[in-house]
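# Breakdown of the fold
Here is what each chain is made of, one letter per residue.
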Amino acid sequence: MEDFNQILEKETTLDPQDWSQMRAIAHTMVDDMMNYLETVAERPSWQPMPQSAKDAIRQPLPEQPMELEAVYNRFKTNILPYTKGNIHPRFTAWVQGTGTPLAMMADMLASGMNPNTTIGEHAAMYVDKQVIDWCKELLDFPSEATGMLVSGGSIANITGIIVARNSFGNIRAEGLQGMTQKMIMYCSAETHACIMKAAEVTGIGGNNVRKINVGSDFRMQIAHLEALIAEDRAAGYLPFCIVGNAGTVNTGAIDPLDDILNICQREKIWFHIDGAFGALAKLTPEYQTQLKALEQADSVAFDLHKWMYMPYEVGCVLFKNPALHRAAFGGQPSYLLSHERGIAAGPDPLTNYGMELSRGFKALKVYLSLQHHGAQAFRDLIRQNIAQSFYLGELIVQDADLELVTPVSCNVVCFRFIKDGFDNEALNILNKEILMELHERGLHVPSSTILDGKYVIRCANVNHRLRKTDYDALVEDVVKIGKELSTFS
Ligand SMILES: *Cc1c(COP(=O)(O)O)cnc(C)c1O
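Summary of the structure given here.

About the thresholds
- Position numbers for residues count from 1 along each chain, tracking the sequence in the order it is written.
- Residue-level local features of this predicted model are given only where pLDDT is at least 70; pairs of side-chain atoms are given and counted only at 80 or more, and the full residue set underlies all totals for whole chains, interfaces and linings.
- Hydrogens are left out, water is left out, and the side-chain values use all remaining heavy atoms of the structure.
- A helix here means a DSSP run of H or I that spans at least four residues, while a strand means a run of E at least two residues long, and both kinds are numbered starting from the N terminus.
- Each residue is assigned to one of three classes by its accessible area relative to the maximum for its type, calculated with a 1.4 Å probe on protein chains only: buried under 20%, partly exposed between the two thresholds, exposed over 50%.
- The protein chains shown are the only cover counted for residues, whose accessible areas, like all others here, come from Shrake-Rupley with a 1.4 Å probe.
- Counted as positive: Lys and Arg. Counted as negative: Asp and Glu, with His and the chain ends omitted from the count.
- Where a charge lies is defined by one atom per residue type: Lys uses NZ, Arg uses CZ, Asp uses CG and Glu uses CD.
- Take a side-chain nitrogen of Lys or Arg and a carboxyl oxygen of Asp or Glu: if they are within 4 Å of each other, that pair is a salt bridge.
- Patch membership requires over 30% relative accessible area and the absence of a salt bridge. Like charges are linked within 9 Å, and nonpolar side chains (Val, Leu, Ile, Met, Phe, Trp, Tyr) within 5 Å.
- The rule is simple: put a 1 Å grid over the protein atoms alone, call a set of points where a 1.4 Å probe fits but cannot get out a cavity, call an open set with protein on both sides within 12 Å along at least five of seven lines a pocket, and count a residue as lining if it has an atom within 4 Å of a point.
- Grid points are joined across faces, edges and corners, and a volume is the space filled by probe spheres set on the points.
- Here the rule is simple: two strands pair whenever DSSP picks up at least two bridges between them.
- All axes here are fitted lines through C-alpha atoms, helices being fitted over the stretch that makes contact, and every angle between N-to-C directions spans 0 to 180 degrees.
- Only heavy atoms enter the contact rule, under which two residues are in contact if any of them lie within 4.5 Å.
- The criterion for a residue being near a molecule or strand is simple. One of its heavy atoms has to lie within 4 Å of it.
- Polar contact is defined as a pair of N or O atoms within 3.5 Å, subject to the rule that within protein one atom must be able to donate a hydrogen and the other to accept it, and that residues adjacent in sequence are counted only when both atoms are side-chain atoms.
- When residues are sorted by character, Ala, Val, Leu, Ile, Met, Phe, Trp, Tyr, Cys and Pro go into the nonpolar class, Asp, Glu, Lys and Arg into the charged class, and all the rest, Gly among them, into the polar class.
- The criterion is simple. A nonpolar core is a set of buried Ala, Val, Leu, Ile, Met, Phe, Trp, Tyr and Cys residues joined through side-chain atoms within 4.5 Å.
- Orientation labels follow simple angle bins: below 35 degrees gives roughly parallel, above 145 gives roughly antiparallel, 65 to 115 gives roughly perpendicular, and whatever is left gives oblique.

### Things to note about the overall build of the protein chain
Helices and strands together make up the secondary structure of the protein chain, namely 16 helices and 11 strands. Along the three orthogonal principal directions, the C-alpha set of the protein chain runs to about 80 × 65 × 45 Å. Taking all 489 residues of the protein chain together, the buried fraction comes to 49%. Surface summary for the protein chain: the accessible area is close to 23,600 Å², and the carbon and sulfur share equals 54%. Between the mean site of the 43 positive side-chain charges and the mean site of the 58 negative ones, the protein chain shows a separation of 3 Å.

As structure tokens, this is what we get:
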């Protein structure tokens, strides 16, 4: 083995030895990805991954170098074709954003600069802050509010719950063991699973989350909420946080946020909104009233990688009260001291506002995209997605072979194929088959959920590439496959 002196004789680096070769392949990569995005609609929306590709991905730890061209070719053969498909115009599964060519390039620029966007006097810190300020402005959130860009809605929600929890006691020092009262959280039964996880990991405990009943419109029933709060108070517990949904994951339902806000103000309870995608509906005139209360919430979580069409990952959480936000995470370890001058001067370190220390420059893609496209383009696209969803709802209502399982309220559409003589269980089996066929034939990629025991095909539209003709085709294909599968000869 070489000793240290020998190592120092021939220092190496991961930079290319031949920059011109690296540059040539890099240009090819950019061209390939541009072609890939330009022609995305011509490919199937999803295709099964052959075992050969899975086998090729799985390989022993590569000890020896491989030519860059070979590495890239393996990517093109084994990885690129078997993408998830959420960039495709016919993808409406779960709630998954499409990304954009510009934001893709912005991610490359950010990765090239590679600033750790947490501390110091450098441009990324100011871009990050500007993006937060723009987010507040887009949602009409108070301008003095603070916020954080995080990896996504789950972490944004957990961050919200942490600050909510800490604002009720000396929890950073004492933990929940210092609380004399049991802390109780409230959310509707339709709430995303990440809220439950947030309760679990913040020590609140799943059993202390009250799941409020929803009505036939899948919105929280306020009378039930009030009754449970009263019950908990009577038992000597501390109701500390109500989570309102601005767009539930199942159906896009928006809880009665005004009523929740009133209760929170009256009862001195923290009002957190999970607006992962639905908060962005506030950018349209139609949802101004329903989402007005968002402006007064204590915290709001939402995703830019969903309905702002950014590539993964970027989510955001905003806090009305900057002092409470900072109090939950602030501190100054010796290795992060702020200086008067030099690189250690600069804005308040962002680690004072969240769990993360090292952070990437995810703000850049948002910054460049809002600059280039303009905020109005996003308002228009969000409105377009909602219009397309109501259009799909209409197509379904008009088709005797289909059932719209819940009225469209925003950008989520839940429906199923129906057939005389099929009971609910048979329809559940049939619709699941239809969905898997849609995927395997590469036609469309919606997802599914279960509403009141009914298995439904579910389209959540945060897709700027989707056209109403894609929904025409979806309806046609569901009916065609449904008939194929339900006709026994
Ligand atoms: C997607 C989603 C989340 C979770 O957000 P991630 O970005 O996937 O972590 C939370 N709540 C709702 C309503 C969502 O749609």
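There's plenty left to go through after this.
### A short note on the pattern of salt bridges
Tallying each qualifying case throughout the model produces 23 salt bridges. The partner of Arg-219 in a salt bridge is Asp-217, with the nearest N and O atoms 3.8 Å apart. By relative accessible area, which is 29% here, Arg-219 ends up partly exposed. Salt-bridge contacts for Arg-441 lead to Glu-437; the nearest nitrogen and oxygen are separated by 2.9 Å. Residue classification places Arg-441 among the partly exposed residues on the basis of a relative accessible area of 35%. Through salt bridges with shared partners, a single ionic network connects Asp-140, Lys-282, Lys-292 and Glu-295.

### Observations regarding a nonpolar patch on the surface
Residues Phe-4, Ile-7 and Leu-8 make up a contiguous nonpolar surface patch of roughly 350 Å² in combined accessible area. Tracing the backbone through its elements, the reader meets Phe-4 in helix 1 (residues 4-9). Using a relative accessible area of 69% as the deciding quantity, one classes Phe-4 as exposed.

### A look at empty space enclosed by the protein
Per the counting criterion, the structure on display carries 1 cavity of 30 Å³ or more. Roughly 50 Å³ of internal volume is contained in the largest cavity. In this structure, the largest cavity is lined by Arg-90, Thr-92, His-444, Pro-446, Cys-459, Leu-466, Asp-470, Tyr-471 and Leu-474. Among the elements that make up the lining of the largest cavity, the one with the highest residue count is helix 16 (residues 468-486) (3 residues).

### Remarks on the sheet that holds strand 2 (residues 183-188)
Ordered in space as 1-7-6-5-4-2-3, the 7 strands form an open sheet in which the pairing is mixed. Two strands in the sheet have a free side with no partner beyond their single neighbour: strand 1 (146-150) and strand 3 (209-212). The sheet shows a mean angle of 20° between the axes of neighbouring strands, taken without regard to direction. Across 4 bridges, the pairing between strand 2 and strand 3 is parallel. Note that in strand 3 the partner of Met-185 across the bridge is Val-209. Sitting on the sheet, helix 12 (residues 322-329) touches strand 1, strand 5 (270-274) and strand 7 (315-319), and the angle it makes with strand 1 is about 50°.

### Notes on the site of the ligand
Taken together, the neighbourhood of the ligand is formed by 15 residues, with Gly-153, Ser-154, Asp-274, Asp-303 and Lys-306 sitting nearest. Contact between the ligand and Gly-153: an oxygen atom at 2.7 Å from a main-chain N or O atom of the residue. A distance of 2.7 Å separates a nitrogen atom of the ligand from a polar side-chain atom of Asp-274. In the complex, the protein chains occlude 85% of the 380 Å² of accessible area that the ligand would expose alone. With 3 residues, helix 7 (residues 153-166) is the largest single contributor of residues to the shell around the ligand. Considering only residue class, the shell around the ligand consists of 5 nonpolar, 7 polar and 3 charged.

### Focus on the layout of surface pockets
Its boundaries defined by the atoms lining it, the largest pocket holds a volume of some 440 Å³. For the largest pocket, the lining is made up of 20 residues, of which Met-33, Leu-37, Ile-87, Thr-98 and Pro-311 are closest to its centre. Of all the secondary-structure elements, those providing two or more residues to the lining of the largest pocket are helix 2 (19-38), helix 4 (68-79) and helix 5 (101-113). Counting residues per element, the lining of the largest pocket draws most heavily on helix 2, which supplies 3 residues. Across the lining of the largest pocket, the residue classes break down as 12 nonpolar, 6 polar and 2 charged.

### Focus: the nonpolar core
Core analysis: the largest hydrophobic core is formed by 70 residues, its most contacted members being Leu-225, Ile-242, Leu-257, Phe-302, Leu-304 and Trp-307. Sorting elements by how many residues they give to this core places helix 6 (residues 123-138) first, with 6 residues. By size, the runner-up hydrophobic cluster in this structure holds 32 residues, among which are Ala-156, Met-185, Ile-204 and Val-317.

### A word on the pairing of strand 6 (residues 299-303)
Summarising burial for strand 6: 5 of the 5 residues are buried, a large majority. Here strand 6 shows two buried faces, one formed by Ser-299, Ala-301 and Asp-303 and the other by Val-300 and Phe-302. Pairing of strand 5 with strand 6 involves 3 bridges; the strand directions are parallel. Considered in strand 6, the bridge of Asp-274 is made with Ala-301. In the sheet, strand 6 pairs with strand 7 via 5 bridges, with the strands oriented antiparallel. In the strand pairing of strand 7, Val-300 is matched with Leu-318.

### What to know about the side chain of Gln-96
Topologically, Gln-96 is positioned in the loop between helix 4 and helix 5. At a separation of 3.1 Å, a polar atom in the side chain of Gln-96 contacts the side chain of Lys-84. If near-sequence neighbours (up to four positions away) are discounted, Gln-96 is found in contact with Lys-84, Asn-86, Phe-91, Tyr-312 and Val-462.

### Observations regarding the packing of helix 7 against helix 12
The N-to-C vectors of helix 7 and helix 12 enclose an angle of 95°; their axes lie 9 Å apart at closest approach. Between helix 7 and helix 12, the angle is such that the two are roughly perpendicular. Here Thr-159, Ile-162, Val-163 and Asn-166 of helix 7 come into contact with helix 12, specifically with Leu-324, His-325, Ala-328 and Phe-329.

### Focus on the sheet that holds strand 9 (residues 412-417)
Pairing is antiparallel across the open sheet formed by 4 strands, whose spatial order is 8-9-11-10. Each having just a single partner strand, strand 8 (402-404) and strand 10 (447-451) make up the two edges of the open sheet. Within the sheet, the average angular offset between the axes of one strand and its neighbour, ignoring direction, is 40°. Bridging between strand 8 and strand 9 involves 3 bridges; their strand directions are antiparallel. Of the residues in strand 9, the one forming a bridge with Leu-404 is Phe-415. Sheet contacts for helix 15 (residues 424-440): strand 9, strand 10 and strand 11 (454-460); angle to strand 11, the most-contacted strand, approximately 35°. Its contacts with the sheet put helix 16 on strand 8, strand 9 and strand 11, and the angle it makes with strand 9 is roughly 25°.

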